[in-house]
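Residues per chain are reported as follows:
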Amino acid sequence: MRITDFDHLPERGAIEARGHVDSVMILPKNQVPEYSVMVAAQPAPPGGRRRAASRIRLIFMGQRRVPGIDAGTLLAFRGTVGVVDNIPTIYNPSYEILPSTEDNE
């Protein structure tokens, strides 16, 4: 299922979507390696968001870092979404780093 609006994510199932990395969480070295990013459908405007945006969490198990995936990165991704701690989450998604719209100007 191709998703364009993160407000309408299924509670469980396979999806394809694209979005901008809003934030990155890196766990301490004494915890199991996991690189977690929050992705929003639209990039945050200059100065930050004025209201909450619907987001999805992507978790890369066994990774302390995923080269090229940082805040602001545009990603196309797919995987099986499920709700974890009330947040739509995909573990080990397939992904492609896309050029940002600024790169195309």
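Here's a quick rundown of the structure. Please read all numbers here as calculations on a predicted model, not as lab measurements.

### Digging into the pairing of strand β4 (residues 74-84)
Consideration 1: Sheet topology note: the strand β1 (residues 12-26)/β4 ladder contains 9 bridges and is antiparallel. Across the sheet, the residue bridging to I15 is G79, located in β4.
Consideration 2: Relative to strand β6 (residues 94-98), β4 is paired through 5 bridges, and the arrangement is antiparallel. Directly across from A76, in β6, lies its bridge partner E96.
Consideration 3: Relative to strand β5 (residues 87-91), β4 runs antiparallel, the two sharing 4 bridges. Each residue of the ladder has a partner; that of G82, found in β5, is T89.
Consideration 4: Connecting the antiparallel pair β4 and β5 is a turn made up of 2 residues, with D85 showing a positive phi of about 55 degrees.

### Observations concerning unusual backbone geometry
Consideration 1: A positive phi angle, near 65 degrees, is found at N86, a position not held by glycine.
Consideration 2: As for its placement among the helices and strands, N86 is situated in the loop between β4 and β5.
Consideration 3: One non-glycine residue, N92, lies in positive phi territory at about 45 degrees.
Consideration 4: If you trace the backbone, N92 turns up in the loop between β5 and β6.
Consideration 5: According to the relative accessible area criterion, N92 is partly exposed, its value standing at 47%.

### Side note on the pairing of β5
Consideration 1: Bridge count for strand β3 (residues 55-61) against β5 is 3 bridges, and the pairing is parallel. Residue pairing in the sheet places R57 in a bridge with T89 of β5.

### Here we look at the nonpolar core
Consideration 1: With 18 residues, the main nonpolar core has I56 and F77 as its most contacted residues.
Consideration 2: Residue contacts for I56: discarding those within four places in its chain leaves F6, L9, I15, V37, M38, V39, F77, V81, P88, T89 and I90.

What counts as what
Residues numbered from 1 in each chain as written. Predicted model: local features only at pLDDT ≥ 70, side-chain atom pairs only at ≥ 80, totals over all residues. Heavy atoms only, no water. Pairing = 2+ DSSP bridges. Helix = DSSP H or I, 4+ residues; strand = E, 2+ residues; numbered from the N terminus. Buried < 20%, exposed > 50% of the residue type's maximum accessible area, 1.4 Å probe, protein only. Core = buried A, V, L, I, M, F, W, Y, C linked by side-chain atoms within 4.5 Å. Contact = heavy atoms within 4.5 Å.

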